[in-house]
Amino acid sequence: MTRNFLSFILLFLTLTVASEAKDQRDKLIARQVAVFYPSDFDSVANMPSFALIKEFPAIGKVPDSWKLNPVFFHSGKYSCVSLPVKKGTSLYGSGETTGSLLRNGNDITLWNTDNFNYAGFDGKQLYQSHPWVLGVNVDGTAFGIIADNTWKQKLILNDSIKFISEGPAFRVIVIQKDSPQAVLTALSELVGKMDLPPLWSLGYQQCRYSYFPDSRVKQIADEFRNRKIPCDVIWFDIDYMDKFKVFTFDKNIFPDPKGLNDYLHDRSFKTIWMIDPGIKAEEGYMVYDSGSKGNHWIKDKNGKDFVGKVWPGDCKFPDFTRPQTQKWWSDFYKDFMATGIDGVWNDMNEPSVFEVDSKTMPIDNQHRGGELLPPGPHLRYHNVYGMLMIKFSREGILKVHPDKRPFILSRSGYLGSHRYGATWTGDNMASTDHLRLSIPMSLNLGLSGQFFNGADIGGFAENTTPELFGQWIALGVFYPFSRGHACKGSNDKEPWAFGPEIEKVSQMALNRRYRLLPYLYTLFQEASSTGVPVMRPIFFADIKDTTLRREEQSFLLGKDLMVIPKWAKNPAMPKGIWRNISIAGENSQNDQYQPDVKIREGAIVPVGKCIQNTTEYSTDSLTLIISTNANGFAEGRLYEDAGDGFGYKRGQYAFWTFSASTKSGVVTVKARKSEGRLSSKPKMFKVMLYTKNGVIESSWKKGPVLNIKFR
Ligand code: MIG
């Protein structure tokens, strides 16, 4: 009894001590941002950080007045941290999982998992892990907590936020700010900003598992152009490869990849081709041979090359923790990109392994590290395997095209992987449930730093009905990443595949997206510089209004537009006047598919022309959609740059500021270039002024000052 009693006392003491005393290393690293260390922190087992872009020096001690103090403790083999949560606090973030927008009450396992249909693990263990929670207090002030830990862990959200890790004790970073937006900006300063993606990647993208042979791809591309359905990208899924061997092409179905890419480029399409991490273990296959020669494979617990089954059969897996392997991997993109490929899709990078219950490799597999990264078991490096893969894919692509913005889509990810690529929400299903679920999923990914995301439009698995496709594409054009996709064996899911009615619905939906591009691109610029996502929860419109905290049927694009899908029942509305607008000639109120898009009073939203793809994009003539507030004022912005390349980082961009004011029934609209060195042509403007009496449309006029009379 004495033994048990003693350990009980000891545990009690440790807990008390942990919550009282601050560790010597605890420090402030920015205003209202503090790092807390457990007393048994082992830096070799935890550092360097994958989430943070660097080690931030202390700017001071954690003040005694600091309210959010995490408590570190051990429970059996687990290393834990707990942060108490006050009643009424709304929790968000936590990366990619199913469930409602509000994360309170969730148990999430942070262990990247190939989870077809989200069917396994109750949908609470998906392809990505973001050890991050955003908390919003009743009064609208907010906080965030990062568990700076890549090891397998659980995140439990109830009356406390708990991270329960199978690895060694880890540190946490706590942010306290006046608003959730400010917390996200602080997060982006810690975990990094996303470089601007190429403009074309904001266009609509068409995928299928898989389009082949090459004639089929050409036919798909031609259909888009002939039918005048806007599209920017055609995707190449796994079947283009020779026996699923990455960096090869099946000569029978794709005899001339370069010629095919040229054909598509001539018709103003970009192309994205898939690369997986599993390398077919077959002697004579160039990637395998050079990988074996360079000793690039992950080892099993006995130090032998680990072999796991994926598409090609027996595979070995690059150990991306090794600098030599990182370089070896990135060099493969040279010849690959030389065929005219524009972007890369890194799939299966959890990594997914077939025919094992765990769906991945054993946790005691060995990564060897080197230079910065220490050696460690798969339990440590699993969650960042995909992130490392895309980091070095990106480096490889940048080496080939130093003057182009790389585009990579990754299925797996970890907090911070938005620095290297965009993502989508994996293998969803053609169901109404998954259509609706896509909104809270996208929103929470955005609230976890990964704002360039979207779900497979139409639903990936199983057949899609015309009705479901119509609803899905009408919504999906408002995802930051907008791509239609379809699983092998399911029906055709191109916009025209469901008959003329749904083709019209799709065309209208896509016209709305393409006309909105000036506004959307401006939001991408804002998100990449402030960390406040493109697609935002409704409660961002009024952070003090707690009745908005659960709203997940509708959402905001930026701060000026609200999207309300047709199925939304009594969506919670922020205060103020939000007026329905027409973006591409639609009347959403008499339409069964197109969501209502509402403009905030006091906002000006710049809209472009109707185009078929982003090579036709121009901001020379803009329609300004305006809704003045009670004082007759409104304002808005436009960001413009070359749409590709890095000139924008050297001042080659422009911001335009728009304003509207009212005096004796005359609305004066002003447009002026307010920042940046990009020389832009004089612009033509047309105003659509939304008032309580309807819309007033001006004729086309040359800026910068437009006077519009209305009674
Ligand atoms: O085991 O490459 O999520 O988008 O079409 C399936 C085939 C592998 C999973 C991806 C999906 C893709 C599919 N891939």
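Residues numbered from 1 in each chain as written. Predicted model: local features only at pLDDT ≥ 70, side-chain atom pairs only at ≥ 80, totals over all residues. Heavy atoms only, no water.

Colleague: What should I look at first to understand the overall build of the protein in this one?
Modeller: The helix and strand tally for the protein stands at 13 helices and 41 strands. Viewed in the frame of its principal axes, the protein has a C-alpha envelope of about 90 × 65 × 45 Å. By the burial criterion, 63% of the 711 residues in the protein qualify as buried. Contacts spanning at least 24 positions in sequence make up 72% of the contacts within the protein whose residues lie at least 6 apart. When the accessible surface of the protein is summed, it comes to about 26800 Å², and 53% of that surface belongs to carbon and sulfur atoms. (Helix = DSSP H or I, 4+ residues; strand = E, 2+ residues; numbered from the N terminus. Buried < 20%, exposed > 50% of the residue type's maximum accessible area, 1.4 Å probe, protein only. Contact = heavy atoms within 4.5 Å. Areas by Shrake-Rupley, 256 points an atom, 1.4 Å probe, with all protein chains shown as cover.)

Colleague: Looking at this model, I keep getting lost on the site of the ligand. Mind explaining?
Modeller: In the region of the ligand, 13 residues are neighbours, and Asp 237, Trp 311, Asp 347, Asp 427 and His 485 sit closest. In the model, an oxygen atom of the ligand is placed 3.0 Å from a nitrogen or oxygen of the Arg 411 side chain. Residues that form the shell around the ligand fall into these classes: eight nonpolar, one polar and four charged. (Near = heavy atom within 4 Å. Polar contact = N/O pair within 3.5 Å; in protein donor to acceptor, adjacent residues only side chain to side chain. Nonpolar A, V, L, I, M, F, W, Y, C, P; charged D, E, K, R; others polar.)

Colleague: For this particular structure, what's the right way to read the pairing of strand 36 (residues 653-663)?
Modeller: One face of the sheet, then the other: side chains in a regular strand alternate in exactly this way. Pairing analysis gives eight bridges linking strand 35 (residues 634-641) to strand 36, with the strands arranged antiparallel. Following the sheet pairing, Glu 635 is matched in strand 36 by Ser 659. When strand 36 meets strand 37 (residues 666-675), the two strands line up antiparallel, connected through nine bridges. What sits directly across from Trp 656, in strand 37, is Lys 673. Linking two consecutive strands that pair antiparallel, namely strand 36 and strand 37, is a turn of two residues; a positive phi of about 40 degrees is found at Ser 664 within it. (Pairing = 2+ DSSP bridges.)

Colleague: I keep staring at helix 11 (residues 432-446) and nothing clicks. Help me out?
Modeller: Under the 1.5 Å per step criterion, the end-to-end length of helix 11 is 22 Å for 15 residues, consistent within 8% with the ideal 21 Å. Along its length, helix 11 shows its largest kink, about 30 degrees, at Ser 438, and proline Pro 440 lies within four residues downstream of that point. Burial analysis of helix 11 places 12 of its 15 residues in the buried class, which makes it a mostly covered element. All of the buried residues along helix 11 are His 434, Leu 435, Leu 437, Ser 438, Ile 439, Pro 440, Met 441, Ser 442, Leu 443, Asn 444, Leu 445 and Gly 446. (Expected span 1.5 Å × (residues − 1). Bend = angle between axes of the 7 residues up to and from the residue.)

Colleague: What am I meant to see in the sheet that holds strand 32 (residues 596-600) here?
Modeller: Each strand in a sheet pairs with another by means of backbone hydrogen bonds, the pair being arranged parallel or else antiparallel. Overall, antiparallel pairing links the five strands, which are arranged 28-29-30-32-31 in an open sheet. Of all strands in the sheet, those bounded by a partner on one side alone are strand 28 (535-536) and strand 31 (578-580). Against the sheet, helix 13 (residues 500-530) makes contact with strand 28, strand 29 (555-557), strand 30 (561-564) and strand 32, and its axis sits at roughly 85 degrees relative to strand 29, the strand it touches most. (Axes fitted to C-alpha atoms, helices over the stretch in contact; angles between N-to-C directions.)

Colleague: Whenever I open this one, the side chain of Lys 245 confuses me. Can you help?
Modeller: Considering the arrangement of structural elements, one finds Lys 245 in the loop between strand 14 (233-236) and helix 5 (257-266). At 2.9 Å, the side chain of Lys 245 forms a polar contact with the side chain of Glu 282. Beyond its immediate chain neighbours, meaning those up to four positions away, Lys 245 contacts Lys 280, Glu 282 and Tyr 285.

Colleague: Please explain the packing of helix 12 (residues 466-476) against helix 13 as it appears in this structure.
Modeller: Between two packed helices, what matters for the description is the angle formed by their axes and the separation of those axes. Following both chains from N to C, one finds helix 12 and helix 13 inclined at 10 degrees, their axes separated by 8 Å at the closest point. Regarding the angle of helix 12 to helix 13, the classification is roughly parallel. Where helix 12 approaches helix 13, its residues Pro 466, Phe 469, Gly 470, Ile 473, Ala 474 and Gly 476 are matched on the opposing element by Ile 502, Val 505, Ser 506, Ala 509, Leu 510 and Arg 513. (Parallel < 35°, antiparallel > 145°, perpendicular 65-115°, else oblique.)

Colleague: I tried to follow the sheet that holds strand 9 (residues 142-147) on my own but got confused; where do I start?
Modeller: Within the open sheet, the six strands sit side by side as 1-2-12-9-8-5. Their pairing is antiparallel. Every other strand in the sheet has two partners, leaving strand 1 (27-30) and strand 5 (90-93) as the edge strands with one partner each. Averaged over neighbouring strand pairs, the angle between their axes works out to 25 degrees when direction is ignored. Examined bridge by bridge, strand 8 (residues 132-136) and strand 9 share five bridges and lie antiparallel to one another. When the sheet's bridge partners are listed, Gly 135 is paired in strand 9 with Phe 143. Packed onto the sheet, helix 3 (residues 180-191) meets strand 1, strand 2 (33-36), strand 8, strand 9 and strand 12 (172-177) and runs at close to 145 degrees relative to strand 12.

Colleague: What exactly am I supposed to notice about the environment of Thr 662 here?
Modeller: Along the chain, Thr 662 falls in strand 36. The spacing of Thr 662 and Thr 628 is 34 residues in sequence and 8.5 Å in space, taken between C-alpha atoms. A polar atom in the side chain of Thr 662 sits 2.7 Å from the backbone oxygen of Gly 632.

Colleague: Is there a simple way to explain the pattern of salt bridges in this structure?
Modeller: Side chains that carry opposite charge are capable of pairing whenever their charged atoms lie near each other. Using the criterion set out here, one finds 38 salt bridges in the structure. The partner of Arg 216 in a salt bridge is Asp 492, and the shortest N-O contact between them spans 3.8 Å. Of this pair, Arg 216 sits in helix 4 (residues 214-227) while Asp 492 is found in the loop between strand 27 (483-484) and helix 13, placing the two residues 276 residues apart along the sequence. Lys 683 is the salt-bridge partner of Glu 640, the closest N and O atoms lying 2.9 Å from each other. Of this pair, Glu 640 sits in strand 35 while Lys 683 is found in the loop between strand 37 and strand 38 (684-691), placing the two residues 43 residues apart along the sequence. Neither Glu 640 nor Lys 683 differs from the other in exposure class; each is buried. In the salt-bridge network here, residues are joined through shared partners; they are Asp 114, Asp 347, Glu 350, Arg 411 and Asp 427. (Salt bridge = Lys/Arg side-chain N within 4 Å of Asp/Glu carboxyl O.)

Colleague: Would you mind showing me how to read unusual backbone geometry here?
Modeller: Keep in mind that most residues, glycine aside, have a negative phi and that most peptide bonds are trans. Between Tyr 209 and the following residue, Ser 210, the backbone shows a cis peptide bond with an omega angle of -10 degrees. A cis geometry characterises the amide bond from Phe 212 onward to Pro 213, with omega recorded as -5 degrees. You can see Pro 213 is positioned in the loop between strand 13 (205-206) and helix 4. For Asn 117, which is not glycine, the phi torsion reads 65 degrees and is therefore positive. Of note, Asn 117 is situated in the loop between strand 6 (107-110) and strand 7 (128-129). One non-glycine residue, Ser 664, lies in positive phi territory at about 40 degrees. Mapping Ser 664 onto the fold places it in the loop between strand 36 and strand 37. Classification of Ser 664 by relative accessible area gives exposed; the value is 78%.

Colleague: Which parts of the structure should I look at to understand the domain arrangement of the protein?
Modeller: Note on interface size: it is often stated as the accessible area lost on association of the parts. What the domain assignment reports for the protein is domain 1 (3-191), domain 2 (203-274 + 323-511) and domain 3 (522-709). Each of domain 1 and domain 2 has a C-alpha centre, and these two points are 31 Å apart. Facing the 47 residues of domain 1 at the interface are 49 residues of domain 2. Taken together, the two surfaces of domain 1 and domain 2 that pack against each other cover about 4000 Å², and 60% of this comes from carbon and sulfur. Our enumeration of links across domain 1 and domain 2 arrives at one salt bridge. Arg 411 is paired through a salt bridge with Asp 114; the nearest N and O atoms lie 3.4 Å apart. One can count 29 residue pairs in polar contact (both at pLDDT 80 or more) joining domain 1 with domain 2. Where the side of domain 1 that touches domain 2 is concerned, the elements lending two or more residues are helix 2 (43-46), strand 5, strand 7, strand 8, strand 9 and helix 3. Residues belonging to the side of domain 1 that touches domain 2 are distributed by class as follows: 25 nonpolar, 17 polar and five charged. (Domains from an automatic or database assignment. Buried area = accessible area lost by both parts, 1.4 Å probe.)

Colleague: Is there a simple way to think about empty space enclosed by the protein in this case?
Modeller: A probe as big as a water molecule, rolled over the atoms, marks out the empty space that is left. All told, the structure shown has seven cavities of 30 Å³ or more when counted by the stated rule. Counted as a void, the largest cavity has a volume near 120 Å³. Lining of the largest cavity is provided by 16 residues; of these, Asp 195, Pro 197, Arg 394, Pro 406 and Gly 421 occupy positions nearest its centre. Among the residues making up the lining of the largest cavity, the classes are represented as 10 nonpolar, two polar and four charged. (1 Å grid on protein atoms, 1.4 Å probe; cavity = no way out; pocket = protein on both sides within 12 Å on 5 of 7 lines; lining within 4 Å. Points joined across faces, edges and corners; volume = space filled by probe spheres on them.)

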